[in-house]
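Now for the letters of each chain:
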Amino acid sequence: MFIIGFGRSGTSALTRVLSLCGAALPKGLLGATGSNPRGYWEPRAAIHLNEEILRRQGSDGYDVSLRSPGERILDADAEAACIAKIRAYLTTLPAAPLVVLKEPKMTALTDLWFEAARQAGFDVAVVIAIRHPAEVIASIGKRAGRQLYVSSSPELVSASWLRYTLLAERGSRGMPRVFVEYSNLLENWRREVKRISTALAIDLDACDEQTIDEFLTSDLRHHRHGGPVAEPFGTDWASVVYETLSAASRDEPWDEAELDRVFEAYRVSERGFRAVFTDVRRYHNLTRLMPLPLVKLGLSGLALVHRRRGTWA
């Protein structure tokens with residue numbers, strides 16, 4: 001059972017709750033930190049694998065470019081090698097009927113992880129974490145301040161949230177899956193666990209209810225926002241994606257075509273602006289190599305070459 005979606009969207013809480021309902025956790029987890037004092041519940045080996053694969057693709061966890069899951073970036077041999085590494089890791093997981101696996105960067109690599117899981121003999125099911133983007137922005141801002149990270153602008157977080165949320169939905173199509181909104185989990189975890197159990201046809205009845213109640217206290221949700229979704233790019237993208245998948249998390253009707261529209265619009269715009277910014281950086285670098293006195297001297301020289309005649313007078 002894969003937990004995917006954008007970080008700070010309740011993926012850690014979901015993973016821990018499901019582990020307390022009978023799902024086995026991998027060994028070698030990332031421990032608690034100041035920005036997540038109750039633990040991440042994700043394996044360090046998966047972090048290393050995802051970092052390696054993303055860098056091999058010329059990407060990283062902060063990449064906001066958008067490619068369809070399954071769109072080939074590596075050649076066939078390199079892709080097969082990545083799948084083999086993931087499959088080898090998956091064979092080390094606990095020999096249990098149900099294993100829960102979470103590491104947010106998997107969301108950008110679902111095609112590789114799902115194929116490796118199938119090759120390793122697993123049935124794959126997916127839980128997608130959803131959270132209001134304003135709460136995610138506030139959560140990341142607080143983490144950056146505590147850890148003295150370089151702060152991320154709301155625009156960057158919004159783009160990352162869009163990318164990971166769109167990829168989580170698109171990459172899990174055709175799979176047994178369920179959407180869970182973080183606020184709903186904190187409000188009534190029993191209802192959400194039952195939804196997950198029903199949607200994925202898995203047994204989650206062996207819940208340690210007291211431990212879950214102690215874990216999911218109200219202070220776990222530091223940021224609350226129930227208002228409209230901000231649109232930093234002059235579009236309706238964030239609001240459409242959030243409202244659509246929030247409806248899915250309530251088991252209400254939702255329109256996949258709307259997500260396709262946003263996906264294609266984002267992808268076209270991102271590719272266009274990426275080309276623009278690549279050129280802008282090239283010209284910025286050229287400008288830095290030409291100090292103002294040199295520019296002035298060059299223009300004076302051109303005037304002399306033209307003997308200061310005509311338009312050069």
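This structure is a prediction, so every number in the text was calculated from the model and none was measured. (Residues numbered from 1 in each chain as written. Predicted model: local features only at pLDDT ≥ 70, side-chain atom pairs only at ≥ 80, totals over all residues. Heavy atoms only, no water.)

### Points about the packing of helix H6 (residues 154–171) against helix H10 (residues 237–249)
Now for step 1: Where H6 meets H10, the axes come as close as 11 Å, and the angle between the chain directions of the two elements is 40°. The angle between the axes of H6 and H10 places the two elements in the oblique class. Between H6 and H10 lies a crossing of left-handed hand. In this structure, H6 uses Trp161, Leu162, Thr165, Leu166 and Glu169 to contact H10, whose residues at the interface are Trp237, Ala238, Val241, Tyr242 and Leu245.
Now for step 2: Residues that form the contact of H6 with H10 fall into these classes: eight nonpolar, one polar and one charged. (Axes fitted to C-alpha atoms, helices over the stretch in contact; angles between N-to-C directions. Helix = DSSP H or I, 4+ residues; strand = E, 2+ residues; numbered from the N terminus. Parallel < 35°, antiparallel > 145°, perpendicular 65-115°, else oblique. Left-handed = near helix turned anticlockwise from the far one by under 90°. Contact = heavy atoms within 4.5 Å. Nonpolar A, V, L, I, M, F, W, Y, C, P; charged D, E, K, R; others polar.)

### What to know about empty space enclosed by the protein
Now for step 1: Tallied over the entire structure, the rule returns two cavities of 30 Å³ or more.
Now for step 2: Within this model, the largest cavity holds a volume of roughly 240 Å³.
Now for step 3: Taken together, 21 residues form the lining of the largest cavity, with Gln57, Glu71, Ile73, Ala108 and Asp111 sitting closest to its centre.
Now for step 4: Looking at the lining of the largest cavity, the elements that each hand over two or more residues are helix H4 (110–119) and H6.
Now for step 5: The biggest single contributor to the lining of the largest cavity is H4, with three residues.
Now for step 6: Across the lining of the largest cavity, the residue classes break down as eight nonpolar, seven polar and six charged.
Now for step 7: In this structure, the second largest cavity encloses a volume near 50 Å³.
Now for step 8: In terms of residue count, helix H5 (residues 133–147) provides more of the lining of the second largest cavity than any other element does, three residues in total. (1 Å grid on protein atoms, 1.4 Å probe; cavity = no way out; pocket = protein on both sides within 12 Å on 5 of 7 lines; lining within 4 Å. Points joined across faces, edges and corners; volume = space filled by probe spheres on them.)

### Some thoughts on the layout of surface pockets
Now for step 1: Of the pockets and cavities examined, the second largest pocket occupies roughly 430 Å³.
Now for step 2: Forming the walls of the second largest pocket are 14 residues, and the residues nearest its centre are Val64, Glu270, Phe273, Arg274 and Phe277.
Now for step 3: At seven residues, the largest contribution of residues to the lining of the second largest pocket is made by helix H11 (residues 256–288).

### Some words on helix H1 (residues 11–19)
Now for step 1: Burial of H1 is extensive: nine of the nine residues sit out of reach of the surface.
Now for step 2: Considered for burial, the residues of H1 that qualify are Thr11, Ser12, Ala13, Leu14, Thr15, Arg16, Val17, Leu18 and Ser19. (Buried < 20%, exposed > 50% of the residue type's maximum accessible area, 1.4 Å probe, protein only.)

### Concerning helix H3 (residues 76–90)
Now for step 1: Helix length check: H3 (15 residues) gives 21 Å between terminal C-alpha atoms against 21 Å at 1.5 Å per residue, within 8%.
Now for step 2: For H3, the complete set of buried residues consists of Ala78, Glu79, Cys82, Ile83, Ile86, Tyr89 and Leu90. Looking down the long axis of H3, one finds its buried residues gathered within 140° of arc, a one-sided arrangement.
Now for step 3: On its buried face, H3 is in contact with helix H2 (44–56), strand E2 (101–102) and H4.
Now for step 4: Looking at where H3 begins, the residue whose side-chain oxygen comes 3.2 Å from the main-chain nitrogen of aspartate 77 is aspartate 75. (Expected span 1.5 Å × (residues − 1). Arc of directions from axis to C-beta. Polar contact = N/O pair within 3.5 Å; in protein donor to acceptor, adjacent residues only side chain to side chain.)

### Observations regarding the pairing of strand E3 (residues 126–130)
Now for step 1: The buried fraction of E3 amounts to five of the five residues, a majority that puts the element mostly inside the structure.
Now for step 2: Here three bridges tie strand E1 (residues 2–4) to E3, and the two strands are oriented parallel to one another. The residue of E3 that forms the bridge with isoleucine 4 is isoleucine 128.
Now for step 3: By the bridge criterion, five bridges tie E3 to strand E4 (residues 177–181) in an arrangement that is parallel. Within E4, the position partnered with isoleucine 130 by the bridge is glutamate 181. (Pairing = 2+ DSSP bridges.)

### Regarding the nonpolar core
Taken as a class, soluble globular proteins show a tendency for nonpolar side chains to be buried jointly.
Now for step 1: Counting 54 residues, the largest nonpolar core has Phe2, Ile86, Leu90, Trp113, Trp161, Leu162 and Val241 as the members making the most contacts within it.
Now for step 2: Element by element, the count of residues in this core is highest for H6, at eight residues.
Now for step 3: If we skip the residues at most four places from it in the chain, leucine 90 touches Leu101, Trp113, Ala116, Ala117, Ala120 and Phe122.
Now for step 4: Met1, Ala13, Leu20 and Leu186 belong to the second largest nonpolar core, which has 30 residues in total. (Core = buried A, V, L, I, M, F, W, Y, C linked by side-chain atoms within 4.5 Å.)

### Thoughts on the packing of aromatic side chains
Now for step 1: Per the stated rule, a full pass over the model turns up eight aromatic pairs.
Now for step 2: Considering the side-chain rings of phenylalanine 179 and tryptophan 254, the 5.5 Å spacing of their centres and the 75° angle between planes classify their relative orientation as edge-to-face. Of this pair, phenylalanine 179 sits in strand E4 while tryptophan 254 sits in the loop between H10 and H11, and the two are 75 residues apart along the sequence.
Now for step 3: Of the residues examined, phenylalanine 179 reaches a relative accessible area of 5% and is grouped as buried.
Now for step 4: For tryptophan 254, a relative accessible area of 30% corresponds to the partly exposed category.
Now for step 5: For the ring pair phenylalanine 233 and tryptophan 237, a centre distance of 6.5 Å and an interplane angle of 40° mean the geometry is tilted.
Now for step 6: For phenylalanine 233, a relative accessible area of 35% gives the class partly exposed.
Now for step 7: Taking NZ or CZ as reference, arginine 170 lies 4.0 Å from the ring centre of phenylalanine 263, over its face.
Now for step 8: Lying across the ring of tyrosine 283, arginine 282 places its NZ or CZ 4.8 Å from the centre. (Phe/Tyr/Trp six-rings, centres within 6.5 Å; stacked < 30°, edge-to-face > 60°. Lys NZ or Arg CZ within 6 Å of the ring centre and 35° of its normal.)

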